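A closer look at the structure
Now for the letters of each chain:
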Amino acid sequence: MQEELESDVAVVGAGVHGSCAALHLARAGRRTILLEQFPVPHTRGSSHGQSRITRTANDGIPALEPIMRDALTQWQRLQEQAGDTLFRPAPMLAMSRGDQRPILEKCAQSVEEAGYTPVWLPPATVLSKFGITIPNDSLAVVDTSAGVLMADKCVAAIQRLFREAGGRMVDNWPVEGVEVGPDGSVKITGRRGTVRAGTVVLCPGPWAGPLLAKLGVHIPLRVEKISVFYWRIDDPTYTTTSFIDYHDPKGHFYGLPELEYPGLVKVVYHGGPEVKPEERDEGDNRDIKEATKTYVKERFPFLHPHPAIEETCMYTWTPDKQFVVDRHPVYKNVIFACGFSGSGFKIAPTIGQELCRLVLEEPTVFDLSAFSASRFSTGSK
């Protein structure tokens, strides 16, 4: 039997951004339905897993800094509201070559502007404290504001708070099409039926490109398979830490401390082979795996040289590695967010807030002009 659902607002995609948007909308008094194509919880998108780094050290464009600061505050507030541990303080070490000083100075400045004190460390201290081997001319700074978000728990808590605010979540409801009728109302269709709403917020993650293209919005998105490796600690002498390593200008590694699996740390390359989201596991990651093994052997002599566990997620990249938050150029009641390029989890509460304000036709708190879809040459048709 086909379902016929109605709401003021429909949010498509129950990853962290869609869930945060739905929570803000429900709390703003809007009847909100949150649609998710897979049964919840699942591991088929970009928001699953046990941990994500959160920080105020900004290596991106200036427009990101206030968003990152606000999101840290919002996560702490959500933790209080959820009554559960969603955020664990965990200072993050940022490293680079000596000739890359502007990157780390930029990170340090953003930490200071957030009200925290960055701590510069010489390579010898990085080795003695964290067991990480870097060249003698390297630079290292600690973001003392940083922490680890317990990702699965965060998403589950936000969805619970959404339901408590009166929202309705419907999972196992894949969306096949979105249409705006002559009267301006939105019709969302799928094999399970139809959802009619006054406004739709699209947060489809890796599936954003094809869905937006059906609406005439063409954003050059690239979906990549990310291989998440966990490495056994052979020598427990050192303090494990979150880190980002900028030594290689072609791409960076990052990692998280012993937190998810006892005796294991996470070390990941920030990129992977291009894939179709429905064929994620077919992506060939052998080169990434070998490069990560070489990196761990060189930088982390206290870790076992072969990964103990391998997991997978997906990143959705834009050409400039900055996300998109915008509304449809013709249909003002179609709003979308995508392309968070592997760095969007930490800012999700603030993005959700801004998506809500776009729905309410209120001014956004932050300047989102740098994240407009119109910045890409393919633009919208």
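Structure first, text after, so check above.
Cut-offs used in this document
- Residue positions are counted from 1 within each chain, in the order its sequence is given.
- For this predicted model, a pLDDT threshold of at least 70 governs which residues receive local features, and a threshold of 80 or more governs which side-chain atom pairs are given and counted, while totals over whole chains, interfaces and linings are taken from all residues.
- Hydrogens and water are ignored here; the side-chain numbers use all heavy atoms of the structure.
- Starting at the N terminus, helices and strands are each numbered in turn, a helix being any DSSP run of H or I of at least four residues and a strand any DSSP run of E of at least two.
- Relative accessibility decides the category of a residue: with a 1.4 Å probe and only protein chains considered, values under 20% of the type maximum give buried, values over 50% give exposed, and everything between is partly exposed.
- Identification of polar contacts relies on pairs of N or O atoms within 3.5 Å, with a donor-acceptor requirement for protein atoms, meaning one able to donate a hydrogen and the other able to accept it, and with residues adjacent in sequence counted only if both atoms are side-chain atoms.
- Any two residues whose heavy atoms approach within 4.5 Å are treated as being in contact.
- Think of a salt bridge as a Lys or Arg side-chain nitrogen and an Asp or Glu carboxyl oxygen that are within 4 Å of each other.
- Pairing between strands is defined by DSSP: at least two bridges between the two strands are required.
- All axes are obtained by fitting lines to C-alpha atoms, using only the stretch in contact for helices, and the reported angles, taken between N-to-C directions, cover 0 to 180 degrees.
- What we call a nonpolar core is a set of buried Ala, Val, Leu, Ile, Met, Phe, Trp, Tyr and Cys residues that are connected through their side-chain atoms within 4.5 Å.

1. Let's talk about the side chain of Ser372
Examined against the element boundaries, Ser372 turns out to sit in the segment after helix H8 (348-359). With a relative accessible area of 15%, Ser372 lands in the buried category. At a separation of 3.0 Å, a polar atom in the side chain of Ser372 contacts the side chain of Asp326. When near neighbours in sequence (up to four residues on either side) are disregarded, Ser372 contacts Val324, Val325 and Asp326.

2. Comments concerning the pattern of salt bridges
With the rule as written, the count across this model stands at 18 salt bridges. Salt-bridge contacts for Arg222 lead to Glu224; the nearest nitrogen and oxygen are separated by 2.6 Å. With relative accessibility at 8%, the residue Glu224 sits in the buried group. With its nearest N and O atoms 3.3 Å apart, the salt bridge here joins Asp281 to Arg280. With relative accessibility at 55%, the residue Asp281 sits in the exposed group. Counted as one network, the salt bridges with shared partners bring together Arg222, Glu224 and Glu274.

3. Let's talk about the sheet that holds strand E4 (residues 87-89)
Strand order in the open sheet made by the three strands is E3-E8-E4, with antiparallel pairing throughout. Each having just a single partner strand, strand E3 (52-54) and E4 make up the two edges of the open sheet. Put simply, the sheet's adjacent strands are angled 30 degrees from each other on average, direction ignored. Note: E4 against strand E8 (residues 147-149), three bridges, orientation antiparallel. Residue pairing across strands places Pro89 opposite Gly147, the latter belonging to E8.

4. Considerations on the environment of Arg191
Tracing the backbone through its elements, the reader meets Arg191 in the loop between strand E11 (186-190) and strand E12 (193-202). Excluding residues within four positions of it along the chain, Arg191 makes contact with Gln2, Asn172, Pro174 and Glu176.

5. What to know about the side chain of Glu260
You can see Glu260 is positioned in the loop between strand E15 (253-256) and strand E16 (264-269). A residue is classified by how much of its surface remains accessible, and Glu260, at 12% relative accessible area, is buried. At 2.5 Å, the side chain of Glu260 forms a polar contact with the side chain of Tyr230. Beyond its immediate stretch of four places on either side in the chain, Glu260 contacts Gln50, Ser51, Tyr230 and Lys266.

6. Quick look at the nonpolar core
Core analysis: the biggest nonpolar cluster contains 49 residues, and Trp75, Phe323 and Leu355 have the highest contact counts within it. For this core, the elements supplying multiple residues, two or more each, are strand E1 (3-12), helix H1 (16-27), helix H2 (64-82), helix H5 (151-164), strand E19 (334-338) and H8. Considering every element that reaches this core, the biggest residue donor is H2, with eight residues. The residues contacting Phe323, other than those within four sequence positions of it, are Leu64, Ile67, Cys338, Gly339, Phe340, Ile347, Ile351, Phe371 and Arg375. Counting residues in hydrophobic clusters, the runner-up holds 28 residues, among them Ala197, Leu211, Phe336 and Phe376.

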